[in-house]
Amino acid sequence: MVRRIAFINEKGGSCKTTLAVNLGAFYAHYRRKRVLIVDMDPQGQVGKALGFEVKSLDQTILDLLEDPDRPVQEFIRSSRVSSLDIIPANKRLAEYASTAGSLPDHPHRLARALRQLEGYDYLLFDSPPSLGVSILNIMLATEEIVIPVSLTYFALDGCAEILDTVGRVRERYGNEALRVSLVVPALYRRTRLADAILERLREHFPDNLSQTVVGYDVKVDEAQSHGQTIWEYAPTSRGAELFARLAMELERWPAAR
Ligand SMILES: Nc1ncnc2c1ncn2[C@@H]1O[C@H](COP(=O)(O)OP(=O)(O)OP(=O)(O)O)[C@@H](O)[C@H]1O
Ligand SMILES: [Mg+2]
């Protein structure tokens, strides 16, 4: 059975892409699972983080959303990491957000586009930092949501909106399976403010907060600047250790609860 997990937070820079790419690469490389990451963000950073030159790509997620009955295989690209595939995005995806409203059945297009997909163990979605039409498409194509939260002052802004949106989507569109699996504290540095924010997250999400707190490690950022996963660039770094721990925690969810 495929596990569908979306990384969502309307706040920018909260580690959505970093987790999607590095957890995906962990399951592919260390667990020998077949993983597909679907990029729904016009910034195209899933592709960039894996070393693709996304600017010049055609046949991106936009083209599939515009014609969701085309064979999905035509849009899938293999990455350097064995059994890790992506459907990339680039800036052109921003067109979708503005034109989608006039397309018939637009909230369901991503789910429709992926319905023929076969053979994957994990289907991961990276999302843009806004709650618009792309997020709605993702919420109708996924079951699980992981909310990464960077431990900065405004961190809690937005979490409530995501939960509201999840509730509304379940009710209005009948995606009963939709749920938040983990809320992941990210970019942690040992400061009094970060500890206070972490404490508030614990109060807000007593059942969902991950045990793993992803600390800041410059190797993570460096890896992305080289278009590499942490497992390629710095597999023995602290960042790699934390991502591995988180990947295993998510793998066990909800059994570990
Ligand atoms: N554990 C970490 N240590 C150091 N830097 C990190 C870590 N995790 C992520 N980063 C860096 O923080 C920045 C933001 O991360 P990322 O791009 O994953 O966030 P995002 O939520 O996808 O942002 P956006 O909302 O713009 O899509 C990136 O430059 C990334 O390399
Ligand atoms: Mg991102």
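Everything below is about the structure shown above.
Structural notes, computed from the coordinates. (Residues numbered from 1 in each chain as written. Chains lettered and ligands numbered in written order. Predicted model: local features only at pLDDT ≥ 70, side-chain atom pairs only at ≥ 80, totals over all residues.)

Let us now look at the pairing of strand β5 (residues 122-126). By the criterion of burial, β5 is predominantly enclosed, with 5 of the 5 residues buried. Residue alternation in β5 divides its side chains into two sets, Y122, L124 and D126 and L123 and F125, and both sets are buried. Bridge count for strand β1 (residues 3-7) against β5 is 5 bridges, and the pairing is parallel. Paired with R3 across the bridge in β5 is Y122. Bridge count for strand β2 (residues 35-39) against β5 is 5 bridges, and the pairing is parallel. Residue pairing for β5: D39 is matched across the bridge by D126. (Buried ≥ 20, exposed ≤ 12 C-beta atoms within 10 Å, placed from the backbone. Helix = DSSP H or I, 4+ residues; strand = E, 2+ residues; numbered from the N terminus. Pairing = 2+ DSSP bridges.)

In this section: the sheet that holds β2. Pairing is mixed in the open sheet, where 7 strands are placed in the order β3-β4-β2-β5-β1-β6-β7. Every interior strand has two partners, whereas the edge strands, β3 (77-78) and β7 (179-186), have only one. Here β2 runs beside strand β4 (residues 84-87); their pairing, made up of 4 bridges, is parallel. In the strand pairing of β4, V35 is matched with L84.

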